[in-house]
Amino acid sequence: MNIKKSAESGEYMIGVKENNSIEVYRIYDNTKEALREIAKQENYEYDPNWNTRQFGAKLCKQFGDGQQATVGCYTVYIRSTETVEVYRTYDNTKGALREIAEKLGFEVDPKWNTQQFGSKLVDFINGK
């Protein structure tokens, strides 16, 4: 499904698909903290001295194919440069939109459904 419009705000990416459904992703700036969240969620023991690359590689080996792992709502990805990135998807899209709106001071109409909310927030972020 193609994205017809999108916006980025801080660590968040909001996409409005062709069918008007909304997707929200978080691309973590603090990758090591995100890796710790995953480890905690999975009761995975880790060495606090691991650097981000070591930590990401171990999680990808344990929960994925060595290059990528999806653990619950998180995806850990190791780029060709060995840089580790962590993405989070949101099952509760409207809750994620509320979180972003609150950070931006965007006023929400409680009558909006998720599609309306997401579209209006994307337009707000993009200055429309």
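For the structure itself, look to the data block above.
What you see is a predicted model, and the numbers here were worked out from it, not measured in a lab.

How each quantity is defined
- Residues numbered from 1 in each chain as written.
- Predicted model: local features only at pLDDT ≥ 70, side-chain atom pairs only at ≥ 80, totals over all residues.
- Heavy atoms only, no water.
- Pairing = 2+ DSSP bridges.
- Helix = DSSP H or I, 4+ residues; strand = E, 2+ residues; numbered from the N terminus.
- Axes fitted to C-alpha atoms, helices over the stretch in contact; angles between N-to-C directions.
- Contact = heavy atoms within 4.5 Å.
- Buried < 20%, exposed > 50% of the residue type's maximum accessible area, 1.4 Å probe, protein only.
- Expected span 1.5 Å × (residues − 1).

Novice: Would you mind going over the sheet that holds strand β6 (residues 84-89) in detail, with residue names and values included?
Specialist: Sheet architecture is open: six strands sit in the order β1-β2-β3-β6-β5-β4, paired in antiparallel fashion. Bordering the open sheet on either side are β1 (3-9) and β4 (68-71), each of which pairs with just one other strand. The sheet shows a mean angle of 20° between the axes of neighbouring strands, taken without regard to direction. Bridge count for strand β5 (residues 74-78) against β6 is five bridges, and the pairing is antiparallel. Within β6, the residue paired with T75 across the bridge is Y87. Across the sheet, helix α1 (residues 31-41) lies against β4, β5 and β6, angled at about 60° from β6, the strand it touches most.

Novice: So, unusual backbone geometry: which residues are in play, and what are the values?
Specialist: Phi at N20 is positive, roughly 75°, even though this residue is not glycine. Structurally, N20 can be placed in the loop between β2 (12-17) and β3 (22-27). The exposure class of N20 is partly exposed, given its relative accessible area of 32%. Notably, N43 is not glycine yet its phi reads approximately 50°, a positive angle. Mapping N43 onto the fold places it in the loop between α1 and α2 (52-63). Classification of N43 as exposed rests on a relative accessible area of 71%.

Novice: I'd like a rundown of helix α3 (residues 93-104), residues and numbers included.
Specialist: The end-to-end C-alpha distance of α3 is 17 Å, a good match for the 16 Å that twelve residues give at a rise of 1.5 Å each. Among the structural elements, β1, β2, β3 and α4 (114-125) are those in contact with the buried residues of α3.

Novice: Let's hear about the environment of I22: which residues, and what values?
Specialist: Of note, I22 is situated in strand β3. Look at I22 and you get buried, because its relative accessible area is 10%. Along the chain, I22 and K61 lie 39 residues apart, while their C-alpha atoms are 31 Å from each other. Residue contacts for I22: discarding those within four places in its chain leaves I14, G15, V16, T93, L97, T114, Q115, G118 and S119.

Geometry only, nothing functional implied.
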